[in-house]
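The chain contents come next:
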Amino acid sequence: MLLCNTTFCVDNTIDNAFRSWVKDTLIPAATASGTFSSPLFTRIIADADPNAQSYALQLHAADHDAAARWHGKEAQELMQALRKIHGQDKVLSFVTFMEIL
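Now for a look at the structure at hand. Residue positions are given per chain, counting from 1 as you read along its sequence in written order. The model is predicted, so local features are restricted to residues of pLDDT at least 70 and side-chain atom pairs to those at 80 or more, both for listing and for counting; the totals for chains, interfaces and linings are taken over all residues. Remark: hydrogens and water are excluded; side-chain values derive from all non-hydrogen atoms of the structure.

**Some words on the environment of Leu26**
Right, on to step 1. Helix and strand assignments follow DSSP, with helices taken as H or I runs no shorter than four residues and strands as E runs no shorter than two, numbered in order from the N terminus. Residue position: Leu26 is located in helix α1 (residues 15-32).
Right, on to step 2. In this structure, Leu26 is in contact with Phe8, Trp21, Leu57, Trp70 and Leu78, ignoring residues within four places of it in sequence. We call two residues in contact whenever any of their non-hydrogen atoms come within 4.5 Å of each other.

This is the structure:
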């Protein structure tokens, strides 16, 4: 079993819209794909940047290749649509795949 963690850094100007997008678009798309389960969306508590918030979305996956394909295609398309609406520099993200031991 894998844990797929996506970390986001979000400009404060789109914070509410971003959180709604994760809950209403990203999580439903990921779980509907059949690749992911058990979503956990969290805010990272840190004093890094007063102009941004940091979040993590964790999803369980049984198959690394399927998870990587989904992130390489569907997740990228969703992120591009978000960035088209809010701007390329408003959300930064990276994905980490971890093996659950």
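**Quick word on the sheet that holds strand β1 (residues 2-11)**
Right, on to step 1. Reading across the sheet, the four strands line up as β2-β3-β1-β4 and stay open at both edges, with antiparallel pairing between neighbours. With partners counted over all chains shown, the strands left at the sheet margins are β2 (36-44) and β4 (91-99), one partner each. Across the sheet, the axes of successive neighbouring strands diverge by a mean angle of 15 degrees, strand direction being ignored.
Right, on to step 2. Note that β1 and β4 share nine bridges and pair antiparallel. Two strands pair under a simple rule: DSSP has to find at least two bridges between them. To obtain an axis, a line is fitted to C-alpha atoms, over the contacting stretch when the element is a helix, and the angle between two such axes runs from 0 to 180 degrees between their N-to-C directions.

**Things to note about the packing of α1 against helix α2 (residues 64-86)**
Right, on to step 1. Between α1 and α2, the least distance of the axes is 12 Å, while the angle of their chain directions is 155 degrees. With respect to each other, α1 and α2 are oriented roughly antiparallel. At the point where α1 passes α2, the crossing takes the right-handed sense. Counting all contacts with α1, which are made through Ala17, Phe18, Trp21, Thr25, Leu26, Ala29 and Ala30, the residues of α2 involved are Trp70, Leu78, Met79, Leu82 and His86. Under this scheme an angle from 65 to 115 degrees is roughly perpendicular, one under 35 degrees roughly parallel, and one over 145 degrees roughly antiparallel; angles in between are oblique. Take the far helix as your reference; a near helix turned counterclockwise from it by less than a right angle gives a left-handed crossing, and one turned clockwise gives a right-handed crossing.

**What to know about the packing of aromatic side chains**
Right, on to step 1. Pairing of aromatic side chains here covers Phe, Tyr and the six-membered ring of Trp, requires ring centres within 6.5 Å, and sorts the geometry by plane angle: under 30 degrees stacked, over 60 edge-to-face, intermediate tilted. Counting across every chain of the model gives six aromatic pairs.
Right, on to step 2. Here the aromatic rings of Phe18 and Trp21 are separated by 6.0 Å at their centres, their planes lie at 35 degrees, and the arrangement is tilted. Here Phe18 pairs with Trp21, and both are found in helix α1, just three residues apart, close to one helical turn.
Right, on to step 3. Judged by relative accessible area, which is 0%, Phe18 ranks as buried.
Right, on to step 4. On the numbers, 5.7 Å between centres and 35 degrees between planes, the contact of Phe18 with Tyr55 is tilted. Separated by 37 residues along the polypeptide, Phe18 in helix α1 and Tyr55 in strand β3 (residues 52-61) bring together distant segments of the chain. Residues Phe18 and Tyr55 agree in their burial class; the two are buried.
Right, on to step 5. In textbook terms, an aromatic cluster arises when at least three aromatic residues are bridged by ring pairs, as seen for Phe8, Phe18, Trp21, Phe41 and Tyr55. Using a 1.4 Å probe on the protein chains alone, a residue whose accessible area is under 20% of its type maximum counts as buried, one over 50% counts as exposed, and one in between counts as partly exposed.

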